[in-house]
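Observations on the three-dimensional arrangement
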Amino acid sequence: MKVNHWTLARRVVQLTVIGLLLTPCLGWGLFQGNLQSASLLGLKLSDPLAALQVLLLTGTVALPLLGGALLVLGGYGLLGGKTFCGWVCPLGLVTDVFEYLPSTRQLRIWPLRGKMIALLVVLLLSLTLKIPAFETISPIGIVSRALSFGPASDLLLVAAILLVEVLLVRRFWCRSLCPLGGFYSLAGRVSPLRIGYRAEACTHCDRCRRSCFVFEVLDAPLVEGTSHVVSGECTRCGACLDACPTGALNMRFQHPLK
Amino acid sequence: MSEERRRAVITGVRAALTGAAAGYLLLRSGSGYAWLLRPPGAVEEQEFLRKCIRCGRCAQSCLYRAVDMGRLDAGIALGTPVIRARKNPCRLCADLPCVKACPSGALDPQLQDAVKTRIGTAVLVERQECLSLKGLRCEVCYRTCPLLDKAITIENYLNARTGRHAIFEPVVHKEHCTGCGICEQACVLDRPAIVVGPLQPPSESLYEG
């Protein structure tokens, strides 16, 4: 039987994150907070987009928030930007699992760049509403809060997203609407961690594209013949590596601008 | 701009606007709260809403689980920390773990001394219901106050109704009251006669025009 090593590893990491989000109710000191800001074994981590919204609103960022945000931004910058979406985000895990429903693959899709517009809208809304707009309605925050404080009415928003993704538009939240995904795709553009491509091994069977929910990113190597995936939209999830029967794709570090 | 590109941009704009509109309606629908009791050190409410990134660390650091997170019915305060004093008031921990946990400065780290907390102030709102004011010896709010004889004192005077007994009235002193809400929780009435309200009562401008 073929083992999907990358997907397996990814599920382990995703479930570890869920486990960490659950630990505060057990009273352990290991982890505190959620994906907006957390303390892991004393290490302060913060969402850089949250810090950016606070900066826009108040003109300053408290030092603990700033330090944690820079650490996280640097980490994801090194490891692929949208690795957050593929490996860490609990909402990503949920929508990922719902994609196992075969019917979802037949649905229409929205273009990827919707996220950048959503990011812009969120920053503008923050300024007009005088609140960090994304942090307030973030379905990622809602899922985290449901895990650490128990489920509540705000999960309706997450249910609505799932409903649209199962019935109307394939992966519309992660592909086209999540401002945080849009933000991290900017970091992904300059990240050294890439999906590499060896044209001589490729049979153009198209299985990689079928396994990928942002399959547009594979056009650069497959159609234009680049040596790696260029787009920042790639979540480095490794599904294409699992799908490729000839080993034409690999995960590697390389000079980001080459 | 190519036709395909143009269509893609239009879809994107539509998606973003739908999301923004949905979020706005969602938040508008429930912002009916007059005011919210925040954890110790909370900066002024407008500033608090700007600074709080809804990470929940103050709530997780609270040993008494007194800090709850605002849900959908909290409107624009969705995901922010709230204390519901009647259910579970702030215990004014001397080491202020909630303030220490806050990464964003929404809870002001300058607050080092728990008794200097000013998250609200107790008010004897239902004076006609208060047992003490009816001439009975209740004074539960006074006895449970962590700042006994400072934030709440007992003033006694002649019970004019009977003409021969005393009234032992609990009197709140704003300059000492932290707004912890322990008195609100302790009040023996079904509907508490003493509740924590905002430090600054709603301004008179509300009645203009």
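Residues numbered from 1 in each chain as written. Chains lettered and ligands numbered in written order. Predicted model: local features only at pLDDT ≥ 70, side-chain atom pairs only at ≥ 80, totals over all residues. Heavy atoms only, no water.

1. Topic: the packing of aromatic side chains
Residue and element names in this part refer to chain A.
- Tallied over the entire structure, the rule returns 6 aromatic pairs over all chains.
- Considering the side-chain rings of tryptophan 110 and phenylalanine 172, the 5.7 Å spacing of their centres and the 85° angle between planes classify their relative orientation as edge-to-face. Taken together, the residues tryptophan 110 in the loop between helix H5 (90-98) and helix H6 (114-129) and phenylalanine 172 in helix H10 (residues 172-177) connect sequence positions 62 residues apart. Assigned by exposure class, tryptophan 110 and phenylalanine 172 land together as buried.
- Each ring, one from phenylalanine 183 and one from tyrosine 184, has its centre 5.8 Å from the other, and the planes form 65°; the classification is edge-to-face.
- Residue phenylalanine 183 is classed as buried on the basis of its relative accessible area, which comes to 14%.
- Taken together, the ring pairs connect Tyr76, Phe84, Phe183 and Tyr184 into an aromatic cluster.
- Seen from the ring of phenylalanine 213, arginine 171 lies directly overhead, with NZ or CZ sitting 3.9 Å from the centre. (Phe/Tyr/Trp six-rings, centres within 6.5 Å; stacked < 30°, edge-to-face > 60°. Helix = DSSP H or I, 4+ residues; strand = E, 2+ residues; numbered from the N terminus. Buried < 20%, exposed > 50% of the residue type's maximum accessible area, 1.4 Å probe, protein only. Lys NZ or Arg CZ within 6 Å of the ring centre and 35° of its normal.)

2. Considerations on the nonpolar core
- Phe84(A), Phe134(A), Ile140(A), Trp173(A), Leu180(A), Ile195(A) and Leu249(A) are the most contacted members of the largest nonpolar core, which has 57 residues in total.
- No fewer than three residues from each of domain 1 (5-185) and domain 2 (193-253) of chain A sit in this core.
- Apart from the residues within four sequence positions on either side, Phe84(A) is in contact with Leu35(A), Tyr76(A), Cys89(A), Ile140(A), Leu180(A) and Tyr184(A).
- Grouped together as the second largest cluster of nonpolar side chains are 27 residues, Val99(B), Ile119(B), Cys180(B) and Ile182(B) included. (Core = buried A, V, L, I, M, F, W, Y, C linked by side-chain atoms within 4.5 Å. Domains from an automatic or database assignment. Contact = heavy atoms within 4.5 Å.)

3. Focus on the packing of H5(A) against helix H9 (residues 155-167) of chain A
Residues and elements named next belong to chain A.
- Taken N-terminus to C-terminus, the directions of H5 and H9 make an angle of 30°; their axes are 10 Å apart at the nearest point. With respect to the hand of their crossing, H5 and H9 are arranged in right-handed fashion. Side by side, H5 and H9 meet where Leu91, Val94, Thr95 and Phe98 of the first sit next to Val158, Leu162, Glu165 and Val166 of the second.
- Within the contact of H5 with H9, the residues separate by chemical class into 6 nonpolar, 1 polar and 1 charged. (Axes fitted to C-alpha atoms, helices over the stretch in contact; angles between N-to-C directions. Left-handed = near helix turned anticlockwise from the far one by under 90°. Nonpolar A, V, L, I, M, F, W, Y, C, P; charged D, E, K, R; others polar.)

4. What to know about the domain arrangement of chain B
Residue and element names in this part refer to chain B.
- On domain assignment, one finds that chain B holds domain 1 (33-115) and domain 2 (118-200).
- Summarising the inter-unit geometry, the C-alpha centres of domain 1 and domain 2 are found 25 Å apart.
- Between domain 1 and domain 2, the residue contacts involve 16 residues of the former and 19 residues of the latter.
- In total, domain 1 and domain 2 occlude about 1300 Å² of area from one another, counting both sides; carbon and sulfur atoms represent 62% of this.
- Run the count over domain 1 and domain 2 and you get 0 salt bridges.
- Seen at the junction of domain 1 and domain 2, the total is 8 residue pairs in polar contact (both at pLDDT 80 or more).
- Looking at the side of domain 1 that touches domain 2, its residues break down into 10 nonpolar, 2 polar and 4 charged. (Buried area = accessible area lost by both parts, 1.4 Å probe. Salt bridge = Lys/Arg side-chain N within 4 Å of Asp/Glu carboxyl O. Polar contact = N/O pair within 3.5 Å; in protein donor to acceptor, adjacent residues only side chain to side chain.)

5. Focus: the sheet that holds strand E2 (residues 37-40) of chain A
Residues and elements named next belong to chain A.
- Taken together, the 3 strands give an open sheet; going across it, the order is E1-E2-E3, and neighbouring strands pair in antiparallel fashion. Single-partner strands in this sheet number two, and they are strand E1 (31-33) and strand E3 (43-46). The average angle at which neighbouring strand axes cross in this sheet is 15°, direction not considered.
- Sheet analysis places E2 next to E3, joined by 4 bridges and oriented antiparallel. Looking across to E3, one finds that alanine 38 is bridged to leucine 45.
- Lying over the sheet, helix H1 (residues 5-26) contacts E1 and E2, oriented at roughly 90° with respect to E1. (Pairing = 2+ DSSP bridges.)

6. Quick look at the domain arrangement of chain A
Residue and element names in this part refer to chain A.
- Domain assignment breaks chain A into domain 1 (5-185) and domain 2 (193-253).
- Centre-to-centre, using C-alpha coordinates, domain 1 lies 25 Å away from domain 2.
- Across the interface of domain 1 and domain 2, roughly 1700 Å² is buried in total on both sides, 55% from carbon and sulfur atoms.
- When the buried surface of domain 1 facing domain 2 is broken down by residue, Trp6, Lys82 and Leu112 rank first, second and third, together holding 31% of it.
- One can count 3 salt bridges joining domain 1 with domain 2.

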